[in-house]
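# Geometric and topological summary
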Amino acid sequence: MVRGINAEILSVDPLFLAKYDRQVPRYTSYPTAPQFRPVDEAQYIETLLDFDRTDKPLSLYFHIPFCKSMCLFCGCSVVLNRQPERQEQYFRRLLEEIERAFSHFSSKRRVSQLHLGGGTPTSLTIQQFDRLMAHIRARFEFTEDAEIAIEVDPRTVYADKGEKLAHLSSLGFNRVSFGVQDLDPAVQEAVKRRQTEEMTVQTYFKARELGFQGINIDLIYGLPLQTAASFAKTAEKLIALKPDRIAFYSYAKVPWLKPHQKAIPDADLPSTEEKFRIYVEAREAFMKGGYLPIGMDHFALEGDSIASAYREKKLTRNFQGYSVQMAEDMLSFGITAIGFLQNRFFQNVKTLEEYEAKASQGKLPSLRGFILSPEDTRRRYAIQALMCRFELDKADFSNRFGLSFDAHFQKELETLARLEGEGLVELGRDRIAATALGRLFIRIVASTFDAYLGNGQFSRAV
Ligand SMILES: C[S@@+](CC[C@H](N)C(=O)[O-])C[C@H]1O[C@@H](n2cnc3c(N)ncnc32)[C@H](O)[C@@H]1O
Ligand code: SF4
């Protein structure tokens, strides 16, 4: 392995790294959120009614923004909060939003995936979880194999000796994802996220004991004080735990959106070369440990459903990352949440104040959105294929859209030919495939099909 792919990749010219370390979207959606435009409630209601005439299944997403302290790297939609009343007020409004959306459906809808994200969803109390799940089950019908997932901050479920985790399991949650980021206390101190190894390990074992599947651990590379050598220790310890999945994110530095990130001095961050080395070496360690690299930044043990879906080319990707069971249409609730219904994106208001104001007027809180044109849909397909499968099948494109791929994407093929010269893709007669190197820069390859590139600021590719 050392002599294989990684040896080749590690010899990447620093000039090459500098060239491709540019701002590019992560393509959790296409078009990306900066392209969204104002929408009004009537458009959203019309879309809900439109959806009601179909029998498609749904994915559901709920955003719980609250965190007790701010990790300095955090790029999520977070509200710092230690007041239970403030959380309860938001929670009540969240239940109202569910009811308000549901009132436009004529019957219970089937749900194949539910995801509770944040912020810190495990900041909800056991009683709030009971109310939420009862409210959902009264309006939606889970399919037999539905994935019911929650993001768990181990620091919030450690002190109660697993009581909350056990309760979640009894409510039907079957997937958990743990935020870990890095086990090194020095790195944790530098990002103000103090989470002992004991907390992480004990929480992990509790989840195993409770029978959760697809257990995921989130890690980040590119954090302050990280080196390839220091991160190797974190990787080794976590591989020994054998989580089913590892999400290995590149630190997304977006200080224009998240000013608290400015508290991390640039001098503490690894250089681009070191950051790349952390990634490549950890990737190799994961692969040696039995993990299959999936998509851009995910790894899964052979046998895990996401690894099988990847092999069978059935993987999908959305704001919550890669997924197996995701229904194409997604209803999303809570601040900043983005849904996708009938080929349209809808995003909710971003602040608690706006959310409260909409709710008190009896209105749905969607504010921005995007109606995909047929061309957007074609480009979305191309980008999704590259991000999820690292390849694009031209015949599949032609069958779906009734167009010749080569004739339709002449300009893009010229750009791809340049990327082929750089060793990022292989252009075949029937398919376009990312090379081993191109997989690491898949965002750059995918961006060839982005008609809106240049409108908006994004994190860097490395
Ligand atoms: C909502 S948090 C997970 C749940 C919980 N709040 C926690 O931190 O344990 C989602 C994940 O996003 C990732 N993340 C947050 N900010 C990031 C950033 N700036 N760059 C890359 N990944 C980030 C972290 O790995 C984090 O675990
Ligand atoms: S990483 Fe998780 S716990 Fe930390 S601030 Fe972000 S959402 Fe909150």
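Within every chain, residues take consecutive numbers counted from 1 along the sequence as written. Whichever chain is written first is A, and whichever ligand is written first is 1; the rest continue in order. Confidence filtering applies because this is a predicted model: local features only for residues at pLDDT of at least 70, side-chain atom pairs given and counted only at 80 or more, and all residues used for totals across whole chains, interfaces and linings. Remark: hydrogens and water are excluded; side-chain values derive from all non-hydrogen atoms of the structure.

### Thoughts on the site of ligand 2
The criterion for a residue being near a molecule or strand is simple. One of its heavy atoms has to lie within 4 Å of it. Within the structure, ligand 2 sits among C67, S69, M70, C71, F73, C74, V78, G119, T120, D153, R155 and R193. All residues other than Ala, Val, Leu, Ile, Met, Phe, Trp, Tyr, Cys, Pro, Asp, Glu, Lys and Arg, Gly among them, are scored as polar; the first ten of these are nonpolar and the last four charged. Considered class by class, the residues forming the shell around ligand 2 number six nonpolar, three polar and three charged.

### Overview of the site of ligand 1
Close contacts around ligand 1 come from 20 residues, with F73, Q181, R193, D218 and A252 the closest. Whenever a nitrogen or oxygen atom comes within 3.5 Å of another N or O atom, the pair is scored as a polar contact, on the condition that within protein one atom can donate a hydrogen and the other can accept it, and that pairs from neighbouring residues in sequence are kept only if both atoms are in side chains. Note that an oxygen atom of ligand 1 is positioned 2.6 Å from one of the side-chain N or O atoms of Q181. Secondary structure elements are defined from DSSP: runs of H or I of at least 4 residues count as helices, runs of E of at least 2 residues count as strands, and each element is numbered from the N terminus. Of all the secondary structure elements, the ones that give two or more residues to the shell around ligand 1 are β6 (140-152), β7 (175-181), β8 (213-221) and β9 (245-250).

### Looking at unusual backbone geometry
In this structure, P31 follows Y30 across a cis peptide bond, with omega equal to -10°. Relative to the elements of secondary structure, P31 occurs in the loop between α2 (14-20) and β1 (37-38). In this structure, the amide linkage connecting G118 to the following residue, G119, adopts the cis form with an omega of 25°. Within the secondary structure, G119 sits in the loop between β5 (109-118) and α5 (126-137). The backbone phi angle of K242 is positive, close to 60°, even though this residue is not glycine. By secondary structure assignment, the location of K242 is in the loop between α10 (228-241) and β9. Notably, T336 is not glycine yet its phi reads approximately 65°, a positive angle. When you line up the elements, T336 lands in the loop between β14 (330-333) and β15 (338-341).

### Focus on the environment of R86
By the element assignment, R86 lies in helix α4 (residues 84-102). Owing to a relative accessible area of 31%, R86 belongs among the partly exposed residues under this scheme. Taking the C-alpha atoms as reference points, R86 and F66, separated by 20 residues in sequence, lie 9.6 Å from one another. We call two residues in contact when some of their heavy atoms are within 4.5 Å. The residues touching R86, leaving out its near neighbours within four places in the chain, are F66, V79, L80, N81, L352 and E353. Between buried and exposed lies partly exposed: a residue is buried under 20% and exposed over 50% of the maximum accessible area for its type, with that area taken using a 1.4 Å probe on protein chains only.

### Some points on the pattern of salt bridges
Here the idea is simple: oppositely charged side chains can pair when their charged atoms come close. A side-chain nitrogen of Lys or Arg and a carboxyl oxygen of Asp or Glu constitute a salt bridge if their distance falls within 4 Å. According to the stated counting rule, one finds 34 salt bridges in the structure shown. Put simply, D153 and R155 hold a salt bridge, and the shortest N to O gap is 2.8 Å. For R155, a relative accessible area of 23% corresponds to the partly exposed category. Connected via shared salt-bridge partners are R93, E96, R100 and E356.

### Topic: helix α11 (residues 272-288)
Here a helix's expected span is defined as the number of its residues, less one, multiplied by 1.5 Å. Counted at 1.5 Å a residue, the expected span for α11 with its 17 residues is 24 Å, and the 24 Å between its end C-alpha atoms agrees. Turning to α11, its buried residues are K275, F276, I278, Y279, V280, A282, R283, E284 and F286.

### Focus: the sheet that holds strand β18 (residues 391-393)
For two strands to count as paired, DSSP must find a minimum of two bridges between them. Strand order across the open sheet formed by three strands is β18-β20-β19, with antiparallel pairing between neighbours. Both outer strands of the open sheet, β18 and β19 (425-427), are each paired with one neighbouring strand and no more. Taken over all neighbouring pairs, the strand axes of this sheet differ in orientation by 10° on average, direction set aside. Pairing of β19 with strand β20 (residues 431-434) involves three bridges; the strand directions are antiparallel. A fitted line through C-alpha atoms serves as each axis, taken over the contacting stretch for helices, and the angle formed by two N-to-C directions is quoted from 0 to 180°.

### With respect to the side chain of Q113
Its location among the elements puts Q113 in strand β5. Given a relative accessible area of 8%, Q113 falls into the buried group. Within the structure, the side chain of Q113 is placed 3.4 Å from the side chain of S59, a separation counted as a polar contact.

### Observations regarding the pairing of strand β17 (residues 366-371)
In the sheet, β1 pairs with β17 via two bridges, with the strands oriented antiparallel. Paired with R37 across the strands is G369, a residue of β17. Direction of pairing for strand β16 (residues 344-348) relative to β17: antiparallel, over a ladder of five bridges. Residue pairing in the sheet places N348 in a bridge with S366 of β17.

### Describing the packing of aromatic side chains
In summary, the pairing rule links any two rings of Phe, Tyr or Trp, Trp by its six-membered ring, whose centres are within 6.5 Å, and it sorts them by plane angle into stacked for under 30 degrees, edge-to-face for over 60 and tilted for everything else. Going through the model one piece at a time under the given rule, you end up with 30 aromatic pairs. For the ring pair Y221 and F248, a centre distance of 4.7 Å and an interplane angle of 45° mean the geometry is tilted. Taken together, the positions of Y221 in strand β8 and F248 in strand β9 put the pair 27 residues apart, joining distant regions of the chain. F248 sits in the buried class, given a relative accessible area of 0%. On the numbers, 5.6 Å between centres and 10° between planes, the contact of F248 with Y279 is stacked.

### Regarding the packing of α10 against α11
One can describe the packing of α10 onto α11 by two numbers: an axis separation of 9 Å at closest approach and a directional angle of 25°. By the criterion of interaxial angle, the relationship of α10 to α11 is roughly parallel. With respect to the hand of their crossing, α10 and α11 are arranged in right-handed fashion. Of α11, the residues touching α10 (which contributes A228, F231, A235 and I239) are E274, R277, I278, E281, A282, A285 and F286. Taken together, the residues of the contact of α10 with α11 sort by class into eight nonpolar, no polar and three charged. For classification purposes, an angle smaller than 35 degrees is called roughly parallel, one larger than 145 roughly antiparallel, one from 65 to 115 roughly perpendicular, and anything else oblique. Crossing handedness follows the turn of the near helix against the far one: under a right angle anticlockwise gives a left-handed crossing, and clockwise gives a right-handed one.

### Some thoughts on the side chain of K164
For K164, the position within the fold is in helix α7 (residues 163-170). The side chain of K164 sits in the buried core without any salt bridge; D160 is the nearest counter-charge, 5.9 Å away. Those residues in contact with K164 that lie beyond four places of it in its chain are T122, S123, L124, T125, I126, F129 and V157. Only four residue types enter the tally: Lys and Arg on the positive side, Asp and Glu on the negative side, with His and both chain ends excluded.

### Examining α7
Listing the buried residues of α7 in full gives K164, L165 and L168. Buried residues in α7, looked at end-on, bunch into an arc of 100°, giving them a common side. Taken from the residues just after α7, G172 is the one with a positive phi, measuring 110°. Note: the arc covers the axis-to-C-beta directions of the helix.

### Some words on the packing of α4 against helix α13 (residues 352-360)
Two numbers describe how α4 lies on α13: the axes approach to 10 Å, and their chain directions differ by 50°. Regarding the angle of α4 to α13, the classification is oblique. The interaxial crossing formed by α4 with α13 has left-handed handedness. Of α13, the residues touching α4 (which contributes R86, Q89, Y90, R93, L94, E96, E97 and R100) are L352, E353, Y355, E356, A359 and S360. Of the residues that constitute the contact of α4 with α13, the class distribution is five nonpolar, two polar and seven charged.

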